[in-house]
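Listed here are the chains, written in short residue letters.
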Amino acid sequence: MGQVATEALGAKLVIERDDLQGVIDALANRGFRVIGPTVRDGAIVYDRVAALDDLPIGWTDRQDAGQYRLERRGDPALFGYAVGPHSWKRFLHPPVERLWQAHREGDGFTVVENEEPTTPLAFVGVRACELRAIAIHDRVFLSGSFRDKAYTVRRDHAFIVSVNCGQACGTCFCVSMDAGPKVEAGFDLALTELIEEGSHRFVMEIGSAAGMDLIKDLPHRPATAEEIAAAERVVDRTRGQMGRQLDTDGLKELLQANPNHPRWDEVAGRCLTCGNCTNVCPTCFCTTVDDTTDLSGATAERVRRWDSCFTLDFSYIHGGSVRNSARSRYRQWMTHKLAHWIDQFGSSGCVGCGRCITWCPVGIDITEEAAAIRDAPKPSRRDADGGA
Ligand code: SF4
Ligand code: SF4
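All of these numbers come straight from a predicted model, not from anything done at the bench.

1. A look at the overall build of the protein chain
Thought 1: Counting secondary structure elements, the protein chain contains 12 helices and 16 strands.
Thought 2: Over its C-alpha trace the protein chain gives a radius of gyration of 23 Å, about what one expects of a compact globule, namely 21 Å for 388 residues.
Thought 3: Each principal axis of the C-alpha atoms in the protein chain carries an extent, and together these give about 70 × 65 × 35 Å.
Thought 4: A burial count over the protein chain gives 52% of its 388 residues as buried.
Thought 5: In the protein chain, once contacts between residues fewer than 6 apart in sequence are set aside, the share between residues at least 24 apart is 72%.
Thought 6: Summing over all exposed atoms, the protein chain offers an accessible surface of approximately 17700 Å²; the carbon and sulfur share of this is 50%.
Thought 7: A gap of 4 Å separates the mean positions of the 45 positive and 54 negative side-chain charges of the protein chain.

Written as structure tokens, this is what we have:
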């Protein structure tokens, strides 16, 4: 064990379970705020972690439409669960963010822009579907006419330790979306957890110069061919455990050709328009702004917060909401996600993480809705109300 010449891009190393603490410590010592999975309020959520004991050791999640439950595993896996209600967007694109403040000065005022975030973030335990979701947000926030300043700073300095999934849950369908379960790109270090009788270790792939630099002083050794094959078997097994599937063949055209399909009415009869699905979705990014003043009138500020296509206000234009029915709001969400997103950003807006299915209080399932429309397509027609 030691610092042999294994620190090359793409190199596969082995790091023992207890030595993973060194990765967290090294990140913290370099000034990163280290965020990882932890158990809180009966769910696995992302929060600050300082020690391996903060991780969900020996826990797994059982998920289905509208259902989430933690259960004990039969082993001490650190990453033996799928994904919880949080995604990394809450750190890269926070739910609430002040944009600027204005301070009254005599008859005028000065505007102070929000300070850029200074503490770099390190994410531990990022799954393949989540890496894909981050790549989608990069496209949205970094590559258009306007770059989001705060997102740019956070993203530029983020360090990503990803994990190949060792277990899928009942609502996962990343294979259908070609977004997992194996991490392909966008990480600094990638782990595959191997637990065998008497041994608990990680095969670690180096994905960047920063990853290479971090690992060079930590205990590791080259992975053997058998360990690399064992790591592949972990991912292959997970690939076969998908709880859902979505037929994406011609899906964009199917949805765009069916704005008046009766299924939209059927789903609207169940949808509460609560917006849970958009909150938990790792790719939904829409926001609104609130302007407030303090009681003295000396200070005003503009705050950006997550919004949802399920709120009436989101489509409010000049005296009324464009999408005033649950039918039109659900249809907007699903067709944007699976169809118009492709026209807008060049990829689907869904990575198959299954969160919207699990966390929908009435168990509406995007894969089931898409299949229902595929099974009984109806010719498009325009309603007198314009399809609202
Ligand atoms: S689909 Fe489910 S989670 Fe989304 S708005 Fe409707 S009831 Fe809420
Ligand atoms: S639409 Fe649902 S399954 Fe797809 S990325 Fe969003 S939360 Fe995950």
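From this point, the narrative continues.
2. Comments concerning the site of ligand 1
Thought 1: What surrounds ligand 1 is a group of 13 residues, the closest being Cys271, Leu272, Cys274, Cys277 and Cys360.
Thought 2: One can see that ligand 1 is located within the largest cavity.
Thought 3: Split by residue class, the shell around ligand 1 holds 10 nonpolar, 3 polar and no charged.

3. Focus: the pairing of strand β4 (residues 59–64)
Thought 1: As paired elements, β4 and strand β5 (residues 67–72) share 6 bridges and run antiparallel to each other. Its bridge partner lying in β5, Asp61 is registered against Leu70.
Thought 2: What sits between β4 and β5 in their antiparallel hairpin is a turn of 2 residues, with Gly66 showing a positive phi close to 70°.

4. Details of the site of ligand 2
Thought 1: Taken together, the residues surrounding ligand 2 are Phe173, Cys281, Pro282, Trp333, Lys337, Cys350, Val351, Gly352, Cys353, Gly354, Arg355 and Cys356.
Thought 2: Put simply, the parts of the chain that give the shell around ligand 2 at least two residues each are α10 (326–345) and α11 (355–358).
Thought 3: Counted by class, the shell around ligand 2 contains 8 nonpolar, 2 polar and 2 charged residues.

5. Observations regarding empty space enclosed by the protein
Thought 1: Considering all chains together, one arrives at 6 cavities of 30 Å³ or more under this definition.
Thought 2: Here the largest cavity is characterised by a volume of approximately 120 Å³.
Thought 3: Taken together, 16 residues form the lining of the largest cavity, with Cys271, Cys277, Tyr330, Cys360 and Ile364 sitting closest to its centre.
Thought 4: Per-class residue counts for the lining of the largest cavity are 13 nonpolar, 2 polar and 1 charged.

6. A word on the pairing of strand β13 (residues 287–293)
Thought 1: The pairing of β13 with strand β14 (residues 299–306) spans 7 bridges and is classified as antiparallel. Residue pairing for β14: Asp291 is matched across the bridge by Arg302.
Thought 2: Between β13 and β14, which pair antiparallel and follow one another directly, the connecting turn spans 5 residues, one of which, Gly297, has a positive phi of 80°.

7. Notes on α10
Thought 1: When the local axis directions of α10 are compared, the greatest deviation, roughly 60°, occurs at His336.
Thought 2: By the criterion of burial, α10 is predominantly enclosed, with 15 of the 20 residues buried.
Thought 3: Phi turns positive one or two residues past the end of α10, at Gly346, with a value near 85°.

8. Regarding the nonpolar core
Thought 1: Ranked by internal contacts, the top residues of the largest apolar core, which has 62 residues, are Phe123, Tyr330, Trp333, Met334, Leu338 and Ile366.
Thought 2: Of all the elements in the fold, those that place two or more residues in this core are α2 (89–92), β8 (121–126), α3 (128–142), α7 (251–256), α8 (263–268), α10, α11 and α12 (366–375).
Thought 3: Top contributing element to this core by residue count: α3, with 9 residues.
Thought 4: With residues near it in sequence (within four places) discarded, Trp333 still touches Cys277, Thr278, Cys284, Cys309, Phe310, Cys356 and Ile366.

9. Focus on the side chain of His261
Thought 1: Tracing the backbone through its elements, the reader meets His261 in the loop between α7 and α8.
Thought 2: Judged by relative accessible area, His261 falls into the buried class, the value being 3%.
Thought 3: At 2.9 Å, the side chain of His261 and the backbone nitrogen of Arg263 are in polar contact.

10. With respect to the pattern of salt bridges
Thought 1: Counted under the stated rule, the structure contains 34 salt bridges.
Thought 2: A salt bridge links Arg98 to Glu301; the nearest nitrogen and oxygen atoms lie 3.4 Å apart. Remark: Glu301 occurs in strand β14 and Arg98 occurs in strand β6 (residues 96–105); sequence separation between them is 203 residues.
Thought 3: The salt bridge involving Glu369 is made with Arg263; its shortest N-O contact spans 2.8 Å. In this pair, Glu369 sits in helix α12 while Arg263 sits in helix α8, placing the two residues 106 residues apart along the sequence.
Thought 4: Assessed through its relative accessible area of 1%, Glu369 is described here as buried.
Thought 5: Through salt bridges with shared partners, a single ionic network connects Arg263, Glu266, Arg270, Glu368 and Glu369.

11. Details of the sheet that holds β14
Remark on secondary structure: sheet strands pair via backbone hydrogen bonds, oriented parallel or antiparallel.
Thought 1: Overall, antiparallel pairing links the 4 strands, which are arranged β7-β6-β14-β13 in an open sheet. Unpaired on one side and paired on the other, β7 (108–113) and β13 mark the two borders of the sheet. Ignoring which end each strand starts from, the neighbouring axes of this sheet average 20° apart.
Thought 2: In terms of strand pairing, β6 meets β7 through 6 bridges, oriented antiparallel. Across the sheet, residue Arg104 finds its bridge partner in β7, namely Phe109.

Definitions and limits used
- Residues numbered from 1 in each chain as written.
- Chains lettered and ligands numbered in written order.
- Predicted model: local features only at pLDDT ≥ 70, side-chain atom pairs only at ≥ 80, totals over all residues.
- Heavy atoms only, no water.
- Helix = DSSP H or I, 4+ residues; strand = E, 2+ residues; numbered from the N terminus.
- Rg over C-alpha atoms; globule rule 2.2 N^0.38 Å.
- Buried < 20%, exposed > 50% of the residue type's maximum accessible area, 1.4 Å probe, protein only.
- Contact = heavy atoms within 4.5 Å.
- Areas by Shrake-Rupley, 256 points an atom, 1.4 Å probe, with all protein chains shown as cover.
- Lys, Arg positive; Asp, Glu negative; His and termini not counted.
- Charge placed at Lys NZ, Arg CZ, Asp CG, Glu CD.
- Near = heavy atom within 4 Å.
- 1 Å grid on protein atoms, 1.4 Å probe; cavity = no way out; pocket = protein on both sides within 12 Å on 5 of 7 lines; lining within 4 Å.
- Sits in = over half its atoms within 2 Å of the grid points.
- Nonpolar A, V, L, I, M, F, W, Y, C, P; charged D, E, K, R; others polar.
- Pairing = 2+ DSSP bridges.
- Points joined across faces, edges and corners; volume = space filled by probe spheres on them.
- Bend = angle between axes of the 7 residues up to and from the residue.
- Core = buried A, V, L, I, M, F, W, Y, C linked by side-chain atoms within 4.5 Å.
- Polar contact = N/O pair within 3.5 Å; in protein donor to acceptor, adjacent residues only side chain to side chain.
- Salt bridge = Lys/Arg side-chain N within 4 Å of Asp/Glu carboxyl O.
- Axes fitted to C-alpha atoms, helices over the stretch in contact; angles between N-to-C directions.

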